[in-house]
Amino acid sequence: MKAIVAMELNRGIGYKGKIPWYLPDDFKWFKQKTLETKKLVMGKETFKSVGVLKDRFTYVLTTDLTLTGLPSFTTYRYIRPEFFKSEPHDDIWLCGGAKAYQLLLPYCTEIFVTHVLDEYESDTYMPPFEDMFPNQEIIVESKNFWIVKYSNPITP
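This structure is a prediction, so every number in the text was calculated from the model and none was measured.

Attention shifts here to the overall build of the protein. Scanning the protein from terminus to terminus reveals 3 helices and 10 strands. Reading the secondary structure of the protein in the N-to-C direction produces β-β-α-β-α-β-β-β-α-β-β-β-β. Its C-alpha radius of gyration of 15 Å places the protein within 12% of the 15 Å reference for a compact globule of 156 residues. With the C-alpha coordinates of the protein rotated into their principal frame, the extents come out at 45 × 35 × 25 Å. Per-residue burial over the protein gives 43% buried out of 156 residues. Pairs at least 24 residues apart make up 60% of the contacts formed inside the protein by residues separated by at least 6 positions. A total accessible area of about 8800 Å² is found for the protein, and carbon and sulfur atoms account for 52% of it. Averaged over its 19 positive side-chain charges, the protein has a centre that lies 7 Å from the centre of its 20 negative ones.

As a further point, take unusual backbone geometry. Trans is the common state for peptide bonds, and a negative phi is the common state for residues other than glycine. In this chain, Gly 96 is followed by Gly 97 through a cis amide linkage whose omega measures -5 degrees. For Gly 97, the location among the structural elements is in the loop between strand E6 (93-94) and helix H3 (98-104). One non-glycine residue, Lys 38, lies in the positive phi region at around 65 degrees. The residue Asp 55 is not glycine, and still its phi comes out positive at about 65 degrees. Assignment of secondary structure puts Asp 55 in the loop between helix H2 (44-50) and strand E4 (57-61). You can call Asp 55 partly exposed: its relative accessible area is 49%.

Let's shift gears to the side chain of His 89. By the element assignment, His 89 lies in the loop between strand E5 (76-79) and E6. The exposure class of His 89 is buried, given its relative accessible area of 10%. Residues contacting His 89, with those up to four places away along its chain left out, are Met 1, Phe 83 and Phe 84.

Within the sequence span of helix H1 (residues 24-34), burial applies to Asp 26, Trp 29, Lys 33 and Thr 34. Each buried residue of H1 lies within a common arc of 120 degrees when the element is viewed along its axis, so the set occupies one face. Facing away from the buried side of H1 by more than 90 degrees, the exposed set consists of Lys 28 and Gln 32. Its buried side turned inward, H1 meets strand E1 (2-7), strand E3 (39-43), E6, strand E7 (110-116), strand E9 (135-141) and strand E10 (145-151).

With that settled, consider the sheet that holds E5. Strand order in this open sheet of 8 strands is E5-E4-E3-E6-E1-E7-E10-E9, and the pairing throughout is mixed. Each having just a single partner strand, E5 and E9 make up the two edges of the open sheet. Across 4 bridges, the pairing between E4 and E5 is parallel. Across the sheet, Leu 61 pairs through a bridge with Ile 79, a residue of E5. Running at roughly 175 degrees to E1, H1 makes contact with E1, E3, E6, E7, E9 and E10 of the sheet.

How each quantity is defined
- Residues numbered from 1 in each chain as written.
- Predicted model: local features only at pLDDT ≥ 70, side-chain atom pairs only at ≥ 80, totals over all residues.
- Heavy atoms only, no water.
- Helix = DSSP H or I, 4+ residues; strand = E, 2+ residues; numbered from the N terminus.
- Rg over C-alpha atoms; globule rule 2.2 N^0.38 Å.
- Buried < 20%, exposed > 50% of the residue type's maximum accessible area, 1.4 Å probe, protein only.
- Contact = heavy atoms within 4.5 Å.
- Areas by Shrake-Rupley, 256 points an atom, 1.4 Å probe, with all protein chains shown as cover.
- Lys, Arg positive; Asp, Glu negative; His and termini not counted.
- Charge placed at Lys NZ, Arg CZ, Asp CG, Glu CD.
- Arc of directions from axis to C-beta.
- Pairing = 2+ DSSP bridges.
- Axes fitted to C-alpha atoms, helices over the stretch in contact; angles between N-to-C directions.

Following this line, the structure appears as structure tokens:
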């Protein structure tokens, strides 16, 4: 599994259920990367915030498989965290939120981080991950953000 996230200088990734910044080029990059495999995993709160993303299947991470109140689509399904512990899932992108990153980053071999080069008010923060991914490569540099690929050559 691979992870993808954008975080501001203080590690903030969200505020009141939304992304606190607007960076169209980063949104385009996120879409391009996640369309490579067309499979995402995210926590239920992130899913409630972003909803179904076009042309991608979403696994919604939750311990409550009886959730109601969300629209009925065939492009997502609820799963328990144990699903990811059984075997590698190289074709899935982990894309939030903080609890999902905390739980599943140990099962990722790469994380693509958009480092937003400013500070924003945040109430949700990215957990530490740098020690798990010793290799780093800057793949995009722009005026407002950098994208860094962190990798760990050792499969969990």
